[in-house]
Amino acid sequence: MNKVNLTASVLLMGAFTACQPATKKETEKKAEEKPFPAFDLANLDTTVAPCTDFFQYTTGGFNANNPIPESESRWGQFNILMEANNKKLKGIFEEFSGKADLPKGSTEQLVGDLYYSGMDTAHIEKLGLTNLQPTLDKINAIASLDDYFALAAEMELHGIQIPFGLYVSPDQMNSTMNVLYAAQSGTSLPDRDYYLKDDSMSVAIQDAYKVYVAKMFELAGDDAEASKAKAEAVYNLEYKLAENQMSRVERRNPANTYNKMAFSELVASAPGINWDVYTKGLGVKSDTIIVGQPDFYKYLSTWFGEVSLEDLKAYTRFKTLSSYADQLPAAYEQAQFDFYGKMLSGTEQMKPRWKRTLGNMGGLGEQIGHLFVDQYFPAESKEKVAQMVEDLRAAYRDRINTLSWMSEETKVKALEKLDGFSYKIGYPNKWEDLSSLEISRDNYLQNIMNIAEYRSHENYEKLGKEVDKDEWHMGAHIVNAYYNPLNNEIVFPAGILQPPFYNPNADDAINYGGIGGVIGHEFTHGFDDQGSKYDVNGNLNNWWTEEDKANFDVLVKQVIDQYSAYEPLEGVHVNGALTVGENIADFGGITLAYYAYQKSREGKPALEPIDGYTDEQRVFLGWAQVWQSSQKDAAMRNQIMTNPHSPAPCRVNGPISNMTEFEKAYNCEGDETFMRPDSAKIVIW
Ligand SMILES: [Zn+2]
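Just so it is clear, the model here is predicted, and its values are computed rather than measured. (Residues numbered from 1 in each chain as written. Predicted model: local features only at pLDDT ≥ 70, side-chain atom pairs only at ≥ 80, totals over all residues. Heavy atoms only, no water.)

K.L.:
Can you walk me through the sheet that holds strand β5 (residues 260-262) in this structure?
P.N.:
Hydrogen bonds between backbone groups are what pair the strands of a sheet, and the pairing can be parallel or antiparallel. Reading across the sheet, the four strands line up as β3-β4-β6-β5 and stay open at both edges, with mixed pairing between neighbours. The strands lining the two open edges of the sheet, one partner per strand, are β3 (164-171) and β5. Direction aside, neighbouring strands of the sheet carry axes that sit 40 degrees apart on average. Sheet topology note: the strand β4 (residues 174-184)/strand β6 (residues 288-291) ladder contains two bridges and is parallel. Note on β6: the bridge partner recorded for Y181 is I290. (Pairing = 2+ DSSP bridges. Helix = DSSP H or I, 4+ residues; strand = E, 2+ residues; numbered from the N terminus. Axes fitted to C-alpha atoms, helices over the stretch in contact; angles between N-to-C directions.)

K.L.:
For this particular structure, what's the right way to read the state of the cysteines?
P.N.:
Disulfides are covalent bonds that link the sulfur atoms of two cysteine residues. A complete count under the given rule lists one disulfide for this structure. For C51, the disulfide goes to C668, at an S-S distance of 2.0 Å. Measuring the twist about the S-S bond at about -80 degrees, one finds the C51-C668 disulfide to be left-handed. With C51 in the loop between α1 (24-32) and α2 (54-65) and C668 in the segment after α29 (660-665), this pair connects stretches of sequence that are 617 residues apart. Among the residues examined, C51 registers a relative accessible area of 9% and is labelled buried. (Disulfide = S-S within 2.5 Å. Buried < 20%, exposed > 50% of the residue type's maximum accessible area, 1.4 Å probe, protein only.)

K.L.:
What's the story with the domain arrangement of the chain in this structure? I'm lost.
P.N.:
Reports often express the size of an interface as the amount of accessible area lost when the parts come together. Domain annotation of the chain identifies domain 1 (133-323) and domain 2 (383-421 + 507-685). If you average the C-alpha positions of domain 1 and of domain 2, the two centres end up 38 Å apart. Across the boundary between the two partners, domain 1 contributes 17 residues, which contact 17 residues of domain 2. Roughly 1400 Å² is buried in total at the junction of domain 1 and domain 2, and carbon and sulfur atoms are behind 55% of that figure. Counting every contact that joins domain 1 to domain 2 gives one salt bridge. One salt bridge connects D529 with R252, and the closest N-O pair in it is separated by 2.8 Å. Scanning the region where domain 1 abuts domain 2 turns up 11 residue pairs in polar contact (both at pLDDT 80 or more). For the side of domain 1 that touches domain 2, the secondary structure elements donating two or more residues are β4, α8 (193-196) and α11 (248-252). (Domains from an automatic or database assignment. Contact = heavy atoms within 4.5 Å. Buried area = accessible area lost by both parts, 1.4 Å probe. Salt bridge = Lys/Arg side-chain N within 4 Å of Asp/Glu carboxyl O. Polar contact = N/O pair within 3.5 Å; in protein donor to acceptor, adjacent residues only side chain to side chain.)

What follows is the structure, given as structure tokens:
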């Protein structure tokens, strides 16, 4: 369910058992591995001064030594760690997929058999379109819009895209209760701007997209001419949806997307949708609903009134084929890769089959994470990171107390929110029971459909019930972290609690700059331009005085302006308004890491430099190290248009160029510096 949990902010680009100690096997494996260096000097580019361009200084050598593999569009420390986790997962998958007699419904059976089915390419070729045929037949038989809406519900349950969608999530004004939301949808390019822009690159992408759509029709049996005509019709329908969608920048603001109304009001505003048939098909009933984009729904009603049944059938057929391209014979997967991988991301080659299969197993994320931590998560990491979370919280408390732009009145509220943050580290306290989910060894596509349907029902069944605050929204094996404003909580899966983020063999300064910076980043999401609108209980509820809010808004505007000036590709600027929340979190991340480290050194004797770097300098090396990466131009363009995270160079130089703490640590002087002049330095948290 990609529409669930829209509000959580992730770091990148996002139990029935108690602690499981590392097994002996793992201890032996570790002994064989080379220890990860605290900071590898070979990653530096010493032809550039740290004060001129700290990103290039800390990453130039890394990028020269670590070219982007052909099967990737971006390559960096995140990827290398994910790659290491994936190799461990491969071992787990191979072990369990090799056993055909695991207890039905057990975590091992579900994961092992799903993997087996995904790797059995000969069988997938043999099945062809067999599994989708009943759906394709129903699409062919559509004789009225009512037929369509009945089928649309079925498609929604199976994870096939339709132009709109309902989902259940906590009420942003009353975050202990689950309520029904309606969201815009219906387009397959990554953002509305991909349809609306008319520069030469955008037009080339639009043309390539039409070729991809036509290819899907051809593969499913249409002749070339009919396929081309249908692709044109599909594109035109999506274009109209895109024109009426709310932009990403507008969607960041909950004031725009939180539109609570009686369900009858939504029905009255969009009478062209047969809500009765559709909601009955989903098995959902609610008197109220929060509509994300009311204008889109009004337009959608017109869209359905104008579309011909033939075009609607073509659109629906394409979405069905496209949603399941990864589970269909190789030709479908190749067509999808040629567009999304090559054209949109600049990737030259497909990843190997096992990685593609792993990439399609996200519906079993919690189960995969469970098997991962059972074997690979040392319990002692959890305690050390918990201590760092408290250190960062203490540093944040000090910082809030010293802020000159915030009144005492608002500080009391900010500290109340800070003290109310909860955190989760490693993996869930209880694992979910999926024993009723049907996964077989011989039907990959049906397995993925079953998971989608299971997850849809699971989501709809939460309607009107209390929110389960113990729930995780990320697998424990994932290299990422998130802040969930509705729970006022920060979450760090086991996957990220490893080098270079957290390195048991590194000096504290490096770890404070690494995982400390990540923890500070997630804390700061609770105080970024949107997160700060939620109170200690996770509700949209203003706790700011008018004057303090006005002061904060001035600082936010300065951050927007700073990043909007960055131009990572010629003519392509960072979208300061889209990325401002993440940028504020990065400012907080490295600032808090620095001060938490200082606090940890209070009353202790000064440390000798390591590799010629003082411990203060090494905090910044630790931060820069986690962003060591490069990416293809196409991927950069895609990121800038769709991703709330700034490109890696901006994540290092952006915050640091405002920090006198960095300036002092590295003795930055003279004209050739990336540091902003004192009069322009932005200090928020
Ligand atoms: Zn973030």
